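Survey of secondary and tertiary structure
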Amino acid sequence: MYNPNGDAVASKFTIERLSMSLTNHLDAALESLLGHAREAARNSYSPYSGFKVGAALRLTNGAVVTGANVENVSYGLTICAERSALVRAVAEFGPDIRISAVAVANLNNSPSPPCGACRQVLAEFILPEAAVVFPAASGMCILPFSEVLPLAFEMKLK
Ligand code: ZN
């Protein structure tokens, strides 16, 4: 995620609400996925914020696809690690992919929950029960995607 200011006020409530889900015990699969995310963060292009974020997606076909944040001098064109990984996954495996787990990491020892934009974009391809693990203010947080983005936008025309 792209968060040059660290703790955004708007996310404070969310982080506190989620704190009940904090855990120090990741299972081996999620720990491995987190390792991929940390490795991906090393490729971050973040000359403006210095915030180096990586994301790793586990797909239902077993593949792991990673991404890193890629900043832009215009700031607004910056793409987060999560979306970077997602577009890479679609480009590599096609439009029928399904995501079974997501890990987000950064090299700044800062909280980095997926931003709202990434949550909505992930919603297009992710299983509701997929685990999402990310650094929160008080440690690693693991939540099912359905709790990471309740009430996702859906288009249902009548
Ligand atoms: Zn994002």
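Residues numbered from 1 in each chain as written. Predicted model: local features only at pLDDT ≥ 70, side-chain atom pairs only at ≥ 80, totals over all residues.

**Things to note about the environment of Pro47**
Residue placement: Pro47 occurs in the loop between helix H2 (28-41) and strand S1 (53-59). Separated by 24 residues in sequence, Pro47 and Glu71 place their C-alpha atoms 7.3 Å apart. (Helix = DSSP H or I, 4+ residues; strand = E, 2+ residues; numbered from the N terminus.)

**Some words on the pairing of strand S2 (residues 64-68)**
Here S2 lies mainly inside the structure; four of its five residues are buried. As defined by bridge partners, S1 adjoins S2 across five bridges and the pair is classed as antiparallel. Looking across to S2, one finds that Gly54 is bridged to Ala68. Hairpin connection, S1 to S2: the antiparallel pair is bridged by four residues, and Gly62 has positive phi, about 95°. (Buried ≥ 20, exposed ≤ 12 C-beta atoms within 10 Å, placed from the backbone. Pairing = 2+ DSSP bridges.)

**Notes on the confidence of the model for the protein chain**
Here the protein chain averages 88 in pLDDT, and 84% of its residues register 70 or above. This model gives residues 1-20 a pLDDT under 50, and the stretch forms 35 contacts once residues within four places in sequence are excluded. (pLDDT = per-residue confidence, 0-100. Contact = placed C-beta atoms within 7 Å.)

**Focus on H2**
Helix length check: H2, at 14 residues, gives a terminal C-alpha distance of 20 Å against a target of 20 Å (1.5 Å per residue), a fit within 8%. Every buried residue of H2 is listed here: Leu30, Leu33, Leu34, His36, Ala37, Ala40 and Ala41. Across the axial projection of H2, the buried residues extend over an arc of 155°, all falling on one side. On its buried face, H2 is in contact with S1, S2, helix H3 (81-93), strand S3 (99-106), strand S4 (126-136) and strand S5 (139-144). (Expected span 1.5 Å × (residues − 1). Arc of directions from axis to C-beta.)

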